[in-house]
Amino acid sequence: MSNPLIEPQDLQELLGTTAVVPIDTRSPEAYAAGHLPGAVNMPEIFTFLATSTPEGLAELEQQFSDKFGAIGLDGKKTAVLYEDAMDTGFGQSCRGLFLLEHLGYPKDKIRILHGGFQGWVAAGLPVSTKTPAPVTAPFPLDSDASDVMLDKDDVLAALDRDDVVLLDVRDVDEWIAESSSPYGKDFCPRKGRLPDAVWIEWYRFMKPGDVARFKSPAEIRAECDSVGISPDSQVFLYCFKGARASNTLVALRAAGIENVRLYFGSWNEWSRDPSLPIEEGLPFVA
């Protein structure tokens, strides 16, 4: 099972034995107030909007291979991404995992700090305000090494397939077509869902508490079972821009559901092309 989560104490031990690049995906202001020792700040992991056109993917690949190389990721160092907590950053650290995997970085060298910065602090581990000076390294870009990235043509073709479960993990107001995005109800030109998608709001994979964490594998499997997803299912994920879906990708992998791919353009791209089909209105009204 390719569980990418790492617990705070395990990360503390790893930092002492392995070449690790901690990546803080929070805002520059949050980073400046305190971060993991040695962490670099990369908020654009969350803010970058992409389309799945060849031009859009080429821009994404160039930008992020340059940025990851600038912080020293060379294919040998372990990247550990984190946000504030698993439920406060809309999955931004997990979006970084998806980007690295799409760019061909070794999967066993990409980890997510479980519980995020809040989990690290709650474990009583040290915090720093020093900004490191990373040494640039050649990033091993190979976007053909992974098939985790879906484009809109892949998703359009999947609408006619019985062997794919299309999973929408957006917030409830987006699912029921009251809002088009987290950026505002009318940010996108259309409101609705991809045809025949099933829905699990991304929050449902996490357990509230002093520090939000993912549910246990058995609990995540139970949530998935409610919409017909099993460990043998082929799952295509989407949200608005690939962050909440990336959070879900990590949750499903942690629960042993491995055959998962992600439509990174998501609703932000799909809704802007009037030729692409959508379901509108309330999903529970015939």
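Everything numeric in this text was worked out from a predicted model, so none of it was measured.

**Q** Looking at this structure, I do not really get the packing of helix α4 (residues 54-70) against helix α5 (residues 92-102). What am I missing?
**A** Between two packed helices, what matters for the description is the angle formed by their axes and the separation of those axes. At a closest axis distance of 10 Å, the pairing of α4 and α5 adopts a crossing angle of 105°. As the angle between them shows, α4 and α5 are arranged roughly perpendicular. Judged by residue contacts, L60, E61, F64 and F68 of α4 engage L99, L100 and H102 from α5. Grouping the amino acids of the contact of α4 with α5 by side-chain chemistry returns five nonpolar, one polar and one charged.

**Q** Just to check I follow, could you spell out the pairing of strand β5 (residues 110-113) for this structure?
**A** Residues in a regular strand point their side chains to alternate faces of the sheet. Pairing of strand β1 (residues 5-6) with β5 involves two bridges; the strand directions are parallel. Looking at β5, one finds that L5 is bridged to I112. For strand β4 (residues 78-82) and β5, the ladder comprises three bridges, and the chain directions are parallel. Paired with A79 across the bridge in β5 is I110. As for the winding sense of the linkage, the β-α-β connection from β4 through α5 to β5 is right-handed.

**Q** Whenever I open this one, the sheet that holds strand β12 (residues 260-263) confuses me. Can you help?
**A** Neighbouring strands of a sheet are bound in pairs by backbone hydrogen bonds; such pairs are parallel or else antiparallel. Overall, parallel pairing links the five strands, which are arranged β6-β12-β11-β7-β8 in an open sheet. Edge positions in the sheet fall to β6 (149-150) and β8 (198-199), since each has one partner strand and no second. Note that strand β11 (residues 235-238) and β12 share three bridges and pair parallel. For F236, the partnering residue across the bridge sits in β12 and is R261. Strands in contact with helix α10 (residues 243-254) are β7 (165-168), β11 and β12; relative to β11, the strand with the most contacts, it is inclined by about 145°.

Definitions and cut-offs
- Residues numbered from 1 in each chain as written.
- Predicted model: local features only at pLDDT ≥ 70, side-chain atom pairs only at ≥ 80, totals over all residues.
- Heavy atoms only, no water.
- Axes fitted to C-alpha atoms, helices over the stretch in contact; angles between N-to-C directions.
- Helix = DSSP H or I, 4+ residues; strand = E, 2+ residues; numbered from the N terminus.
- Parallel < 35°, antiparallel > 145°, perpendicular 65-115°, else oblique.
- Contact = heavy atoms within 4.5 Å.
- Nonpolar A, V, L, I, M, F, W, Y, C, P; charged D, E, K, R; others polar.
- Pairing = 2+ DSSP bridges.
- Right-handed = clockwise from strand over helix to strand, strands pointing away.

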